[in-house]
Amino acid sequence: MAEPTTKTEFKAWCKRKLGYPVIDINVDDDYVIEIENLILTGGEYGIVSNGGGTLSISNSKLSNYGNDAMRINSNANIDSVTVTNGGILINGNTTTITNSFVLNSQGNGIEIGGGADAIISNVIVADNFGSGIHINNSGDVVITGSLIYRNIAYSANAGIYVNGGEATVTNSTICNNTGSYPERGGVYIVSGNPVFQSNNIAFNQNYGAYNADNAYVINAEGSYWGSSSGPYNAVLN
């Protein structure tokens, strides 16, 4: 935002400096609010949505946020959106993200919690300084046809991090993710019984996939692990 020149502009500038979102939407039940062809940049938060209705955003670009570019507390459909330097937080209700990019966040690329359901399809999540996709006490999460690439899994993170919820990941590529902890890298599972079928899981630092609790069974059939021998280690398995 340029330097404010009116009282109204100055008030908006102050709110953004104090952490208010650029767009704050309350979507009433049974209503749909549509946003198209939006370019939005700068501030602590970009878009915050609340309520029981649905926010639909498409063909838009959001960039350069101190916190989340999007904080979704309503239902949402996100299609053909590019988010850079700011993540997407999904907290409750149901969100669908398709044909989109989430890049260069200083935290998690996409974080799903609060019992939220999510469908992520044909999405590139790359170069984030946290988990690419961070699933923490979510509902049902389905990830398909997506690329989780070159995320720097700082602290308790991974390319895909799963702690609770029902996660199904298929036909996706999880590669070149790095971890600051020895067991972090491609996929890190704290709890739950996620399904990782027919994926490419390769060239991640430390582990392709690490299951922290043997009480949980991980189904990873039909996946490629960067070697014709599969996830074989002469010492560990």
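Just above, that's the structure.
Cut-off values and rules
- Residues numbered from 1 in each chain as written.
- Predicted model: local features only at pLDDT ≥ 70, side-chain atom pairs only at ≥ 80, totals over all residues.
- Heavy atoms only, no water.
- 1 Å grid on protein atoms, 1.4 Å probe; cavity = no way out; pocket = protein on both sides within 12 Å on 5 of 7 lines; lining within 4 Å.
- Points joined across faces, edges and corners; volume = space filled by probe spheres on them.
- Nonpolar A, V, L, I, M, F, W, Y, C, P; charged D, E, K, R; others polar.
- Helix = DSSP H or I, 4+ residues; strand = E, 2+ residues; numbered from the N terminus.
- Polar contact = N/O pair within 3.5 Å; in protein donor to acceptor, adjacent residues only side chain to side chain.
- Core = buried A, V, L, I, M, F, W, Y, C linked by side-chain atoms within 4.5 Å.
- Buried < 20%, exposed > 50% of the residue type's maximum accessible area, 1.4 Å probe, protein only.
- Phe/Tyr/Trp six-rings, centres within 6.5 Å; stacked < 30°, edge-to-face > 60°.
- Salt bridge = Lys/Arg side-chain N within 4 Å of Asp/Glu carboxyl O.
- Contact = heavy atoms within 4.5 Å.
- Pairing = 2+ DSSP bridges.

A.B. asks: Would you mind showing me how to read the layout of surface pockets here?
C.D. replies: Once rolled over the atoms, a probe with the size of a water molecule shows which space is left empty. For the second largest pocket, the calculated volume is near 180 Å³. Around the second largest pocket, the lining comprises 15 residues; the ones closest to its centre are N67, D68, S105, G107 and N108. Residue classes in the lining of the second largest pocket are distributed as three nonpolar, ten polar and two charged.

A.B. asks: Teacher, can you tell me more about the side chain of T170 here?
C.D. replies: Among the structural elements, T170 can be located in strand β19 (residues 166-170). Polar contacts involving the side chain of T170 include one to the side chain of T144, which spans 3.3 Å.

A.B. asks: Is there a simple way to explain the nonpolar core in this structure?
C.D. replies: One broad trend across soluble globular proteins is that nonpolar side chains are buried collectively. By size, the foremost hydrophobic cluster in this structure holds 43 residues, and its most contacted members are L62, I110, I112, I133, I135 and I160. If one sorts the elements of this core by residue count, strand β7 (residues 75-84) sits on top with four residues.

A.B. asks: For this particular structure, what's the right way to read unusual backbone geometry?
C.D. replies: Glycine aside, residues mostly have negative phi, and peptide bonds are mostly found in the trans state. Residues other than glycine seldom take positive phi values, yet N99 does so here, at roughly 50°. Notably, R150 is not glycine yet its phi reads approximately 55°, a positive angle. Looking at where R150 falls in the secondary structure, it is placed in the loop between β16 (147-149) and β17 (152-153). Looking at R150, the relative accessible area reads 40%, which means it is partly exposed.

A.B. asks: Explanation requested: the packing of aromatic side chains in the structure shown.
C.D. replies: What describes a pair of aromatic rings is the distance from one ring centre to the other and the angle between the planes of the rings. Taken as a whole and assessed by the stated rule, the structure comprises three aromatic pairs. Centre to centre, the rings of Y188 and Y210 are 5.6 Å apart; their planes meet at 5°, and the pair counts as stacked. Taken together, the positions of Y188 in strand β22 (residues 187-191) and Y210 in strand β25 (residues 209-211) put the pair 22 residues apart, joining distant regions of the chain. Note on Y188: relative accessible area 8%, which makes it buried. The interplanar angle of 75° and the centroid separation of 4.9 Å between the aromatic rings of Y207 and Y210 together place this pair among those described as edge-to-face. Among the residues examined, Y210 registers a relative accessible area of 27% and is labelled partly exposed. A connected cluster of aromatic rings, assembled from ring pairs, spans Y161, Y188, Y207 and Y210.

A.B. asks: Hey, could you run me through the pattern of salt bridges in this one?
C.D. replies: Opposite charge on two side chains permits pairing when their charged atoms draw close. For the structure shown, the criterion picks out two salt bridges. With a closest N to O distance of 2.8 Å, R71 and D68 form a salt bridge. A salt bridge links D127 to R150, with the shortest nitrogen-to-oxygen separation between them at 2.6 Å. Residue D127 is found in the loop between β13 (124-126) and β14 (133-136), and its partner R150 is found in the loop between β16 and β17; the two are separated by 23 residues along the sequence.

A.B. asks: Sorry, what's going on with the environment of T82 here?
C.D. replies: In this structure, T82 sits in strand β7. With a relative accessible area of 24%, T82 lands in the partly exposed category. Note: C-alpha distance between T82 and S60 (22 residues apart in sequence) is 6.5 Å. In this structure T82 touches S60, K61, L62 and F101, once residues within four positions along its chain are discounted.

A.B. asks: Explanation requested: the side chain of S58 in the structure shown.
C.D. replies: Among the secondary structure elements, S58 is positioned in strand β5 (residues 54-63). Those residues in contact with S58 that lie beyond four places of it in its chain are I35, E36, N37, D79, S80 and V81.

A.B. asks: Before we go on, may I ask you to explain the environment of V81 in this structure?
C.D. replies: Along the chain, V81 turns up in strand β7. Here the alpha-carbon distance between V81 and S60, two residues 21 residues apart in the chain, equals 4.8 Å. Excluding its chain neighbours within four sequence positions, the residues that come into contact with V81 are I57, S58, N59, S60, L62, N99, S100 and F101.

A.B. asks: Is there a simple way to explain the pairing of strand β4 (residues 45-50) in this structure?
C.D. replies: Strand residues, when the strand is regular, have side chains that alternate between the two faces of the sheet. Summarising burial for β4: five of the six residues are buried, a large majority. Note that β4 and strand β6 (residues 68-72) share three bridges and pair parallel. Note on β6: the bridge partner recorded for S49 is I72.

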